[in-house]
Amino acid sequence: MPADVSLKALRYFMTAIRVGSITEAARVVNVVPSAVHTAINQVEAAFGLQLTIRSRATGISLTATGQQMEAKIQSLLDEYESLMRDGSDMRSQLTGTLRVGYYAPAAPAFMPRILGQMMSDNEGVTVKFFECDTQSAQDGLLSGIYDVIVCVANAMKPGITYETLLEVPAYVLLPVDHGLAARRSLSLTDLADQSLVLLDLPVISEYYATQFDQAGVAPRVVATATSLEMVRSLVGDGIGCSVLHMVTETDITYAGDRVTAIPLQPAIEPFKIVLGHLPDNPRRLVRMFVDELRGFFSVEDAARLRISPRA
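Just so you know, these numbers come straight off a predicted model, no measurement behind them.

J.: Sorry if this is basic, but what is going on with the packing of helix H1 (residues 7-19) against helix H2 (residues 22-29) here?
T.: Running from N to C, H1 and H2 point in directions that differ by 120 degrees, and their axes come no closer than 8 Å. Put simply, H1 runs oblique to H2. Our pair here, H1 against H2, has a crossing hand that is right-handed. Packed against H1, whose contacting residues are Tyr12, Thr15, Ala16, Arg18 and Val19, the element H2 presents Glu24, Ala25, Val28 and Val29 at the interface.

What follows is the structure in structure tokens.
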């Protein structure tokens, strides 16, 4: 089996062949001639072939076998240089594909607004969104499937850099004509006799069970859904009421019904929406996206995603 040979040795070898002299090649690559001589020996030993003819009078030239290998060695070096250029471009230019893993109930309320300006200014950028739960989002980031994740804080894994973007308190979602819709606030106890439509997703399902248990309420769940908008539409149609966190811009459901959001009092444990990314040398595209997220959540505009007290 051929021995390994370094890219540096291959470069020294090709430089010597190009200039026709070991001494001149050493000057070009800024090393001592013995380093070039050793590199040539290493390349020949790795292939187990005589690739060069060396003489004091005529310098260095290729054998017939060496001439056959020259193009292949140069192709390998060219591919390596191309790879390194591509890697450098990914770090320095706003091009390429950004892969975002997001927890379904949270991201659609704000992600398009953040990406709009970034993509309009950078035509070489494309974005792929992957809807997932918190745990699969973290696994996907660690395995390289995603560049960045936005999810609900829960059982956060080591090796990922996290920062809280927003804390969102819970609220009750009702049809606008519901008997409780005029109330300034509601408690979980007020929902004890109500039909409930709940999100059935990892983390959230466990959260509901814990909160109702702590309030001493046995919820009467008549429907569940894995889609936030399905829950809103079921509520709008009068199937039941729900407990949610992030407020949407519209009170109209997909089905065209109106719903209303009422704060929970006393408040229960809020959800933390977090940004996660790997700390080691992210691409410029990832860094910019992270900065855009931070910027959005650092201003008051992000407050519209939280339920506000009723006057």
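Alright, that's what it looks like, and here's the rest.
J.: Where do I start with the nonpolar core in this structure?
T.: In a soluble, globular protein the nonpolar side chains are often hidden away together inside. Within the largest apolar cluster, 73 residues are counted, with the highest numbers of intra-cluster contacts made by Leu98, Phe110, Tyr208, Phe289, Leu293 and Phe297. It is helix H9 (residues 284-297) that provides the largest number of residues to this core, a total of seven residues. Apart from residues lying up to four places away in sequence, leucine 293 is in contact with Phe110, Ile114, Val150, Leu165 and Leu275. By size, the runner-up hydrophobic cluster in this structure holds 20 residues, among which are Ala16, Ile22, Ile60 and Leu77.

J.: I keep staring at the state of the cysteines and nothing clicks. Help me out?
T.: As used here, a disulfide is simply a covalent bond connecting the sulfur atoms of two cysteines. Enumeration according to the criterion identifies zero disulfides in this entry. Here cysteine 151 is not cross-linked by a disulfide; its sulfur's nearest cysteine counterpart is in cysteine 132, at 7.7 Å. Residue class for cysteine 151 comes out buried when judged on its relative accessible area of 1%.

The rules we used
- Residues numbered from 1 in each chain as written.
- Predicted model: local features only at pLDDT ≥ 70, side-chain atom pairs only at ≥ 80, totals over all residues.
- Heavy atoms only, no water.
- Axes fitted to C-alpha atoms, helices over the stretch in contact; angles between N-to-C directions.
- Helix = DSSP H or I, 4+ residues; strand = E, 2+ residues; numbered from the N terminus.
- Parallel < 35°, antiparallel > 145°, perpendicular 65-115°, else oblique.
- Left-handed = near helix turned anticlockwise from the far one by under 90°.
- Contact = heavy atoms within 4.5 Å.
- Core = buried A, V, L, I, M, F, W, Y, C linked by side-chain atoms within 4.5 Å.
- Buried < 20%, exposed > 50% of the residue type's maximum accessible area, 1.4 Å probe, protein only.
- Disulfide = S-S within 2.5 Å.

Remember, this is a structural readout, not a statement about activity or role.
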